[in-house]
Each structure stands twice: as structure tokens, then as C-alpha cells.
Amino acid sequence: MLNEILSIKNLAGEEIKKACNLKDIQDIRIKYLGKKGVLTGRMKSLGSISKEDRPEYGRTLNESKNFIEDLLNRQEEQFRSTELNQSIQTQRIDVTVPGCFVPFGHLHPVTQTLDEITAIFISLGFNVEEGPEIELDFYNFEALNMPRDHPARDMQDTFYINDDVVLRTHTSPVQVRVMEKNIPPLRVIAPGKVYRCDADVSHIPMFHQLEGFMVDKDIRMTDLKGMLELFVHSVFGIDTSLRFRPSFFPFTEPSAEIDISCVICKGTGCNVCKGTGWIEILGAGMINPRVLEMSGYDPDLYTGFAFGLGIERVAMLKYGIDDIRLFPENDKRFLEQF
Ligand code: PHE
């Protein structure tokens, strides 16, 4: 009987030596020491051993159990540490490898310019309003003193949706929409997209404008000049000069086109300013009393100024871009430069 236990012990010892991995160790542990294990079976039958033989039998059983357990634990420990080392080797992270570069996007140069200009006028106390891009003929033309079939409409090549609906050709209709709903004093800017049936190096069918207007008692041309000067100096620098040229818009009287001294050649003459030293950047004027009247204001009581500015034009001058068509193309090589 004792010999039998000793040979179980030796057999277990052999098997443990031959074990190749943790799984083998686990199997051997179950085989000998598990609930139905070889040695466990012997332990259970201890009661059937005669009293005299029992102590020695019990001791041998215990010693063998401890021996096997000890051997299993040591072997298991061995396997665990080699496994750990292996995984450290194979899953090693090289912290010196450069990380994956995730390129960041940024705002479109037109949006950047629009945001910059908007911020300037907000700092001057202007509120931002928006109007629809699909606009009624009434707001786009009629209420701005451009009746149907009036030749002044030819100034803007219009996309008509039907007789009464157009894609707005400018942001000026927002003037009327705001005046209809509010009483002066008004100090408003209206940025947004506008549409004209026009395409070449300096025209695209969809572009951006920023309308600005102020209506109150006693608003004068000098207020317009002061605001525009401040705006031009903020965007193009303090040494940029302004020039007001008489012009015509049906919705302003008097009207002016405003030029700035060429930001490229500083006024000496280059191909951007066509040798004149001046570049036109916006249209403006005192809001025509007829427009005030059509919007429900008493033109004897209130006066106002308005101006309309092409955003792409400002961006082109600011960044030295010579073809307006680059903006909607969205070629990353172009956009990444801003
Ligand atoms: N709406 C005019 C245009 O698009 C610009 C403008 C706005 C002129 C306001 C005068 C006053 O050409």
C-alpha cells in the first residue's frame, strides 16, 4: 500500500517534469489532487485502513500530497514567469516610435475673413441678422427702389426661380426685412451668401457679402466714413487710405464706391490695382428715403447709412489671392496655406 503511494508520487513527479506549459500543470493537478484525483481517492479511503497502519499511511499520503503540490507550484511559477517574459518581449511598446499624425482642419479662408470682419462690427455695437438666400423679388429689388423692368436691375445678373422669387443677388434685402420688424435705433450687420449669374477670375456665381447699416435720428455720411475707416484700418492696417467715389445704387442717395490704397503696392501702381494705386472694396451710401418709407419709417425723422462688402474680395486682398475661383474649389493644397 505504501509502495503504491510512493509510486504514485514518483509518477506525478515524472509527469510534472515532462509538463510543457500551464495547461499541463493544471491537468496534472486535477489528475492527482482534484476532487476525483488519484491521491484524493486514497485520502478518502484512509478510514478503511487498519488503526495500526493508519498513522504511517496518513503521513506518507500527506507528504506525497505536499511533495506533488510543491512541485506543481514551483513548475507553475516557472511557466508563469516565462510566459510573462515572452509577452513582454512580443508586446513590447517602442515609445520612441513617432505617433500617428492626425491632421487638424481649420476654417475656410472666407469664413476666417467673415469672422474677423463680423468681430470688428460687433465691437462697434452692431447686431448680427440673417435673411433667406432664396428671396422674394419684393425684398431683393422692389422694396430697394428697383421696380420690375427697371434698368437698374441689370446691374446684377439674377438667378430667377420664378417671377416672384430669386436667389438673392445681395445682402441688402436684409435691410428691409430688419426695418419692417424693428424700430430705430438700428445698428445691424447681415453676413451671408449671395448669387449672381456670373463667372470669371473675379466673379463666381455664389459668393459672400456683409451688409452693414445704421438707422436713427441724425445719422450722417460722416458716421459712415468713420465706421468704414475704422473697419479698413483694422483689417488692412492703419496706413491704408480710403477714397469715396460718387456712384449710383437705387437704394442709397447719395451713393459711393469706396476704394482703399492698394495693399499690394501701397499706392504706387501694380497689376492688382491696374496701375491706379486704388482698389475698390465696397459700395455704400445714405439709405434712400424711399427705401426708409417703404419699410415703414418716416424719412423726415430718420436717416441711415448702408454699405455692402464682398468678403471674397477682402480675403483676396488680405492674402494676395489672384483668382476668386480658388475659394469654392476647395483644393486642400490651396486651403492649407491659410
Ligand atoms: N448691395 C450692393 C451690391 O451688392 C452694395 C451696397 C450695399 C451698396 C449697401 C450700397 C449700400 O452691389
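Cut-offs applied
Residues numbered from 1 in each chain as written. Predicted model: local features only at pLDDT ≥ 70, side-chain atom pairs only at ≥ 80, totals over all residues. Heavy atoms only, no water. Core = buried A, V, L, I, M, F, W, Y, C linked by side-chain atoms within 4.5 Å. Buried < 20%, exposed > 50% of the residue type's maximum accessible area, 1.4 Å probe, protein only. Helix = DSSP H or I, 4+ residues; strand = E, 2+ residues; numbered from the N terminus. Contact = heavy atoms within 4.5 Å. Near = heavy atom within 4 Å. Polar contact = N/O pair within 3.5 Å; in protein donor to acceptor, adjacent residues only side chain to side chain. Areas by Shrake-Rupley, 256 points an atom, 1.4 Å probe, with all protein chains shown as cover. Axes fitted to C-alpha atoms, helices over the stretch in contact; angles between N-to-C directions. Parallel < 35°, antiparallel > 145°, perpendicular 65-115°, else oblique. Left-handed = near helix turned anticlockwise from the far one by under 90°. Pairing = 2+ DSSP bridges. Disulfide = S-S within 2.5 Å.

A. Representation of the nonpolar core in the model. Of all hydrophobic cores here, the largest spans 48 residues; its most connected members are Phe 231 and Ile 281. The greatest single-element share of this core, amounting to seven residues, is contributed by helix α8 (residues 221-236). Not counting chain neighbours up to four residues away, the residues in contact with Phe 231 comprise Ile 117, Ile 120, Phe 121, Ile 281, Leu 282 and Leu 309. Formed by 24 residues, the second largest nonpolar core is a distinct cluster that contains Ala 143, Val 166, Phe 249 and Tyr 297.

B. Highlighting the site of the ligand. Near the ligand there are 14 residues, and of these His 170, Ser 172, Arg 196, Gln 209 and Gly 308 occur at the shortest range. Contacts to the ligand include His 170, whose side-chain N or O atom sits 2.9 Å from a nitrogen atom. A distance of 2.9 Å separates a nitrogen atom of the ligand from a polar atom in the side chain of Ser 172. Protein contact buries 92% of the 320 Å² of open area that the ligand shows by itself. For the shell around the ligand, the secondary structure elements donating two or more residues are β6 (206-216), β9 (278-287) and β10 (303-310).

C. The packing of helix α5 (residues 109-123) against α8, seen in detail. As a packed pair, α5 and α8 sit with axes 10 Å apart at the nearest point and diverge in direction by 140 degrees. With respect to each other, α5 and α8 are oriented oblique. By crossing handedness, the relation of α5 to α8 is classed as right-handed. Listed contacts from α8 to Glu 116, Ile 117, Ile 120 and Phe 121 of α5 are Phe 231, Ser 234 and Val 235.

D. Focus on the sheet that holds strand β3 (residues 160-162). Strand order in the open sheet made by the three strands is β2-β4-β3, with antiparallel pairing throughout. The sheet is open, and its two borders are formed by β2 (134-136) and β3, each paired with just one other strand. Taken pair by pair, the neighbouring strands of this sheet meet at an average axis angle of 30 degrees, ignoring direction. Pairing between β3 and strand β4 (residues 165-167): two bridges, direction antiparallel. Each bridged residue has a counterpart across the sheet, and for Tyr 160 the counterpart in β4 is Val 166.

E. Region of interest: the state of the cysteines. Summed over the entire model, instances satisfying the criterion amount to zero disulfides. Free of any disulfide, Cys 273 has its nearest cysteine sulfur in Cys 265, 3.6 Å distant. What makes Cys 273 buried here is its relative accessible area of 4%.

F. Examining unusual backbone geometry more closely. Cis geometry is adopted by the peptide bond preceding Pro 185, which originates at Pro 184 and carries an omega value of 5 degrees. Residues Glu 253 and Pro 254 are joined by a peptide bond in cis, for which omega reads -5 degrees. Phi angles above zero are rare outside glycine, and Asn 145 is one such case at about 70 degrees. If you trace the backbone, Asn 145 turns up in the loop between α6 (137-140) and β3. A residue is classified by how much of its surface remains accessible, and Asn 145, at 17% relative accessible area, is buried. Here Asn 330, not a glycine, exhibits a phi torsion of approximately 60 degrees, which is positive. The residue Asn 330 is located in the loop between α11 (326-329) and α12 (332-335) in this model.

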